[in-house]
Amino acid sequence: MKKSILIIVGILLSVTAWTQQATQFAISGTVQSGDETVPNATVQLLPLTTGRLTNDHGFFRFAQLNPGTYSIKVTALGYKEYSDSIVLTNKNITLNIRLVAAEAQDLEGVLVVSKKQEAVSGKLRDVAGTAIYAGKKTELINLRYINGNLATNNTRQIYARIPGLNIWEYDRGGLQLGIGGRGLSPNRSSNFNIRQNGYDISADALGYPESYYTPSAEALDRIEIIRGAASLQYGPQFGGLVNFIMKEGPREKPIEVTSRQSVGSFGFFNSFNSIGGTIANKKLNYYTFYQYKQGDDWRPNSHYDQHNAYLHLAYDFTPRLKVTAEYTFMKYLAQQPGGLTDAQYKEDAAVSVRARNWFRVNWNLISLTADYVFNENTRLNWRNYTLQGGREALGILSYINRPDYGGNRDLMSDKYNNWGSELRFIHQFKLFNDQVSTFLVGTRYYKGLTNRKQGDANDGAEADFYFLSPEPNKSQYRFPGTNLAAFAENIFRINKNWSITPGIRFEHINTKADGYYYKQNIFIDDEKIMETKSNPRSFVLLGIGTSYKLKNGAEIYANISQNYRSINFNDIRVLNANARVDPNLKDETGFNIDLGVRGNYRNWLYADLSVFYLRYNDRIGSIFTTDTSFMTYRLRTNVSDSRNRGLEMLVEGDILKAIYQERAKFKLNVYTSLSLIDARYIDTKNTAIADKLVENVPPVLVRTGISFGNPRFNITAQYAYQAKQYSDATNTEETPTAVDGAIPAFSVMDLSLSYNWRMFTLYTGINNITNEKYFTRRADGYPGPGILPADKRNFYATLQFKL
């Protein structure tokens, strides 16, 4: 009897508890300022005694609330305080709160809205997370609003709104990214600091900063670009920073599944599948995907298979401490059809004269990041990461104007073992009539190791990546490198409109080489040369930026920042008949200057107009020369000083929103990005290059497009024009090997359509509508050598299912 009573009581208590829980609800939301979220804002919900800090996405949540009336108050340094009264009845409430900057006295206090502005492009806010962008030229690409061929990472469509980017278009599958800005080489984007979620992803950020891994555009949330002034926070590269921000799981759903299946011309197939959400009492956010991609090029002897996977786990241990772990895996195997001579290209660009060239990449990235928020003014970020990977190139590197008669192939094998740690501390405080200033300080330690081998492989045609002898017969090296850096920046807000941001960075770099190479001789046997080298150096970079915010929402910005690019030994010890490297290469130095105006006009137009000056001392480039047998080749050396100056412009606006304002049911977006660049070699006694155009610099680049649609459908058309440029410093028009020469002007058009029905969305389009015949690159090694034709007309179709 007693047991029965206890069971009944237990059941009643359980039912009571369940009923009480079932009648409890939640208040959550996002805090924004304009179109940007506000992290680390303090959210108080009275009469509760505990508050919340918004996360990196401006999100907050109060759970297990009883129905009733609550008062909410939101505070963040630099913004007006927000307060409101909320009546919680029998359902959850989601808020979208917009704060107004404290200095914007002419604006209304706070707006609560339910609709975000859908903008593809924009800029980064002055302070974001543990980074300072005030006074710098910054650009933003929101991938969720781009209607394009994301399955192949189509760079021409993705980066259309970034003026001045020279894009190498030769990789139909989107396996490698080749972009360069302001007259810098696009070669595997090596003049940019390439990062994913804030950590390095290139082969060796110190000694070999080439990117063999490109994040899948289908998994990206946005791309952040900071031009040359990024050198103070992220490293001394002349190009600046490209940071790929990956998607995360949705905050309000425990699970979301997305599947995208794509097909296209030339046997293209792509399967992208992801799952993400937030679980464990809203403390654990997760996102993972797996992607398989295969296809052929429109030329023979070309095929690729790629596997790509990613895992993101972020756990809020406390309201102040979050730890994030990420793992990225990518591997692919690609057969490369090789390059063409000018004569071959003119006669038939679809031919291939190399049937035995292969390329293989294996990439493993691991990161662990801790974020600690002391209060709404102070936070700490500590990111640690490692790369374990490699790449192998197999094939015939001889002059492309000579047939492949068979024989042993050349094999180059790299193994990368890198790790780094970066600590950042940011604090906001009041100074100069209670204006909010921001101080950032950080340090970085990086250690890289590249093991490189080059020698003969077998005489077959398959992807057999092994050397004929245990000791490669051309070269074998260890290239260890160490980098220690410290940096600081401070935004001094002089008044409500004007800010000045000085910065400083200290760098210590030590690159080493240990190994051997064989010196090639004509009449005697090749000579084995042993080498051990070390090149330690330390230097300081300085910079300063300023920003003046006008009352109409526009901003005038300017900055000057020093840059530095170190040479590395592994560039020197590669044996290639088409290109040779000066053994006396030295580091490059210089600076970037920006002056521009940007801003939004009445919430329908965004514009950024700027001029720049890039000074490059001891620039490493290529000159056309001949050897003792009168065979032409490319010599990579410190060519001369150069100066690049130009204008960059982006204008994007919604025409229908300008006419009908918020009553517009459709969007008619029109955008144009334009760059005019004059880049020349200066201060040289070499008459062959004096006042010649710098290679890889199109003097005119225009990309313009129009997009029409609503949340259900969209149609986007784009036109791109690129002026004539050269591939070497002597501005050679044509050479027998096709390694050096002119790259003619061209124009190309793309069309994309999308339609959404419930959980399904269809994306389709045609790239290179007019079937333009053109090329953007002359290669001196893999994947050439010679002219690499761009893709002819092709189509794609993607069916997306999201649940």
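Everything discussed here concerns the structure shown above.
Residues numbered from 1 in each chain as written. Predicted model: local features only at pLDDT ≥ 70, side-chain atom pairs only at ≥ 80, totals over all residues. Heavy atoms only, no water.

Q: Please explain the side chain of His-312 as it appears in this structure.
A: The topology assignment puts His-312 in strand S23 (residues 303-316). For His-312, a relative accessible area of 2% corresponds to the buried category. A polar side-chain atom of His-312 sits 3.4 Å from a polar atom in the side chain of Asn-285. Once residues within four sequence positions are removed from consideration, His-312 is found in contact with Glu-248, Asn-285, Tyr-286, Tyr-287, Thr-324, Ala-325 and Glu-326. (Helix = DSSP H or I, 4+ residues; strand = E, 2+ residues; numbered from the N terminus. Buried < 20%, exposed > 50% of the residue type's maximum accessible area, 1.4 Å probe, protein only. Polar contact = N/O pair within 3.5 Å; in protein donor to acceptor, adjacent residues only side chain to side chain. Contact = heavy atoms within 4.5 Å.)

Q: Before we go on, may I ask you to explain the sheet that holds strand S7 (residues 82-88) in this structure?
A: Backbone-to-backbone hydrogen bonds join strands into a sheet, with any given pair of strands oriented parallel or antiparallel. Read from one edge of the open sheet, four strands run S4-S3-S6-S7, paired in antiparallel fashion. Only two strands of the sheet have a single neighbouring strand rather than two, namely strand S4 (51-53) and S7. Adjacent strand axes in the sheet meet at a mean angle of 20°, parallel and antiparallel pairs treated alike. (Pairing = 2+ DSSP bridges. Axes fitted to C-alpha atoms, helices over the stretch in contact; angles between N-to-C directions.)

Q: Looking at this model, I keep getting lost on the pattern of salt bridges. Mind explaining?
A: Taken as a whole and assessed by the stated rule, the structure comprises 51 salt bridges. Lys-137 is the salt-bridge partner of Asp-608, the closest N and O atoms lying 3.4 Å from each other. On the criterion of sequence distance, the pair formed by Asp-608 in strand S35 (residues 605-626) and Lys-137 in the loop between strand S12 (131-132) and strand S13 (138-142) is long-range, its members being 471 residues apart. When sorted by exposure, Asp-608 lands in the same class as Lys-137, which is buried. Its salt-bridge partner being Arg-356, residue Asp-404 comes within 2.9 Å of it at the nearest N-O pair. Taken as a pair, Asp-404 in the loop between strand S26 (378-395) and strand S27 (409-431) and Arg-356 in the loop between helix H4 (342-347) and strand S25 (358-375) lie far apart in primary sequence, 48 residues in all. On the accessibility criterion, Arg-356 (7% relative accessible area) is buried. What emerges from the salt-bridge pattern is a single network uniting Lys-137, Glu-139, Arg-182, Arg-227, Asp-594, Asp-608 and Glu-648. (Salt bridge = Lys/Arg side-chain N within 4 Å of Asp/Glu carboxyl O.)

Q: Explain the sheet that holds strand S18 (residues 220-226) here, please?
A: Reading across the sheet, the six strands line up as S10-S13-S18-S19-S16-S17 and stay open at both edges, with mixed pairing between neighbours. Looking at the sheet topology across the chains shown, the edges are occupied by strand S10 (121-122) and strand S17 (199-200). As paired strands, strand S16 (residues 192-196) and strand S19 (residues 240-246) are joined by five bridges and run parallel to one another. Among the inter-strand pairings, Asn-193 is bridged to a residue of S19, identified as Leu-241.

Honestly, it's all geometry; don't read function into it.
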